[in-house]
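Summary of structural features
If you want the building blocks of each chain, they are given just below.
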Amino acid sequence: MTGKLYEMTANLGGFVTGIFAAALSLFSIAMRTFRGVFRFRGRAQGEVLKQMYLIGNRSLIFVTVTLGALGMVLVFQVCLQINKITGDQSQVGPEFIKGMIHAFVPILTAMMLATRVGAGIAAETGSMVVTEQIDALRMTGVDPVDFILVPRFIASVVMTFVLGVYAMVIVIVAGAFMAHSSFGVNYNVFFVFDKVTGGDLFIGSLKLIVHGGAIPIVAGYCGLTTGRGSEGVGNATTRAVINSSLAVIIIDFIISGVGLLTVQKI
Amino acid sequence: MITLKNVSCKMSGKQILDGITATFNKGEIWGIIGPPGCGKSMLMKLICGLYPVTDGDLYIESENIAGMSEVRLVPVRRKIGMLFQNNALFDFMNVWENVAFPLSRMNSGLSPEEIRLKAFERLKAVGLGGSEEKMPSELSGGMRKRVGVARAIITEPPVIIYDEPTAGLDPVTTSKIYDLLNEIQSRSQSVVLTISSDIIGLRSFVKNILFINEGKILYCGPEQEIDHCTDPVVYQFLRGLDEGPL
């Protein structure tokens, strides 16, 4: 009995210590990344542009199809329910646009990028760990965070924002098309931006920027802490997708809460 | 040049190295041998400061690197050229960029064009003239090793570490690689530490041997005298016997 209790306590202690160590390591990588951004001075512009292409351009079709379809489905369901109750579709467009800008588009865009970009960063970094390329970098006096994560961080922040704005356009246009074609809602009635406040724009933009920064940091942490062999790289990639999605959800929750209490009007 | 005083290393609660004491002087060529998983590569990574020393002191020239921060380790690491077990060539750079990388990262006072020319010259010296623009994925195993060697020596470091320089290579290429390493050593007079499972090839290259088993030194001395070592593990390992403690 005492032995089992001791074992359970030891396991719990190990688990808590492990979480604390992981949090500390993640924090250290985040700090080194921020410091790296300030020291950047354009010495790896080519790498940033390449990453911007990989993150942004390569995600365009993914974002267009997913968010376009989602916008149409959402508007269809909302119009369908309103038709059953009042039949007044005049508020569908303004409310839909407001909700998309401050809540849905930032989190959905970030979640999609967390799967595509996060997995890519973790797999690339993880392979470099397994093949000792990270050790080879350290041997030349290069900080792997500085060399690998900083260009991806800058590219991800910029491209998540750009893709988010693009996704907003796509989702709103797709929604308007569905409302018009299925329920006869006039485009002039749908495209009303009166309900969108400066607070909504600020919160939407802030979420895109913070999510864009969180994805490479979390994915990079998973990649840099890869275990041995190809199995280790596989695990790192899975962890990157799960953890960066989770990070996006938690950050979104916090910013939404703070936003509603401060700059936003419900 | 390199002095280890009672160096120990623990990872995830497991003792990898235990009380290692040795000195490697300028111009000496050492072979580090022992059964798989005995701690050879870990010892090399401790010397490079890639893993922390748990206990003891490790001096590179006069600096004790035990407990040194990552920032303070940067100039120490620049004194060491390393050929990694899997070559560790950067797969996003071509051959000459790989070789030039360590030089471009230190304040060598050379212009980018001079660095490029030096990388080309080193590649020619290892028999890879004409392959400068190729990517690592386009090279054979032997060629990749040569690129790794060229990268390890381009900064002319006082310490050179070769981790399995001939692993997976045919006997002819192995012989060529050892000739190349000998030629480099005759010019540089660096401390050379070589890990290899190819005992015969290694013994033709090194002058001294450090034998490690289960994290402890079993033999440390001249290469010619290891045959007289009476330790049963060393005896069995060197002769490749089936029966014995291993």
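In case you missed it, the structure is sitting above this.
Residues numbered from 1 in each chain as written. Chains lettered and ligands numbered in written order. Predicted model: local features only at pLDDT ≥ 70, side-chain atom pairs only at ≥ 80, totals over all residues. Heavy atoms only, no water.

1. Some remarks on the sheet that holds strand β5 (residues 63-64) of chain B
All names here are of chain B.
- With antiparallel pairing, four strands are arranged side by side in an open sheet as β2-β1-β4-β5. Looking at which strands have only one partner, the edges of the open sheet turn out to be β2 (14-24) and β5.
- In this structure, strand β1 (residues 2-11) lies alongside β2, joined through seven bridges in antiparallel fashion. Each residue of the ladder has a partner; that of Leu4, found in β2, is Ala22. (Pairing = 2+ DSSP bridges. Helix = DSSP H or I, 4+ residues; strand = E, 2+ residues; numbered from the N terminus.)

2. As for the environment of Ile47(B)
Residue and element names in this part refer to chain B.
- Its location among the elements puts Ile47 in helix α1 (residues 40-47).
- The class for Ile47 is buried, based on a relative accessible area of 0%.
- C-alpha of Ile47 to C-alpha of Ile60: the two residues are 13 residues apart in sequence and 7.8 Å apart in space.
- Excluding residues that lie within four positions of it along the chain, Ile47 makes contacts with Ile2, Phe24, Leu58, Ile60, Ile65, Ile80, Ile161 and Leu193. (Buried < 20%, exposed > 50% of the residue type's maximum accessible area, 1.4 Å probe, protein only. Contact = heavy atoms within 4.5 Å.)

3. Looking at the nonpolar core
- In this structure, Val75(A) and Phe190(A) are the most contacted members of the largest nonpolar core, which totals 51 residues.
- Those elements that provide at least two residues to this core are α1 (2-38), α2 (45-56), α3 (60-85), α4 (92-130), α6 (144-183), α8 (198-224) and α9 (229-261) of chain A.
- Residue contributions to this core peak at 17 residues, all from α6(A).
- Beyond its immediate sequence surroundings of up to four residues, Phe190(A) is in contact with Val75(A), Val92(A), Gly93(A), Pro94(A), Phe96(A), Ile97(A), Ile172(A), Gly175(A), Ala176(A), Ala179(A) and Val185(A).
- Ala22(B), Val76(B), Ile80(B) and Phe101(B) belong to the second largest nonpolar core, which has 48 residues in total. (Core = buried A, V, L, I, M, F, W, Y, C linked by side-chain atoms within 4.5 Å.)

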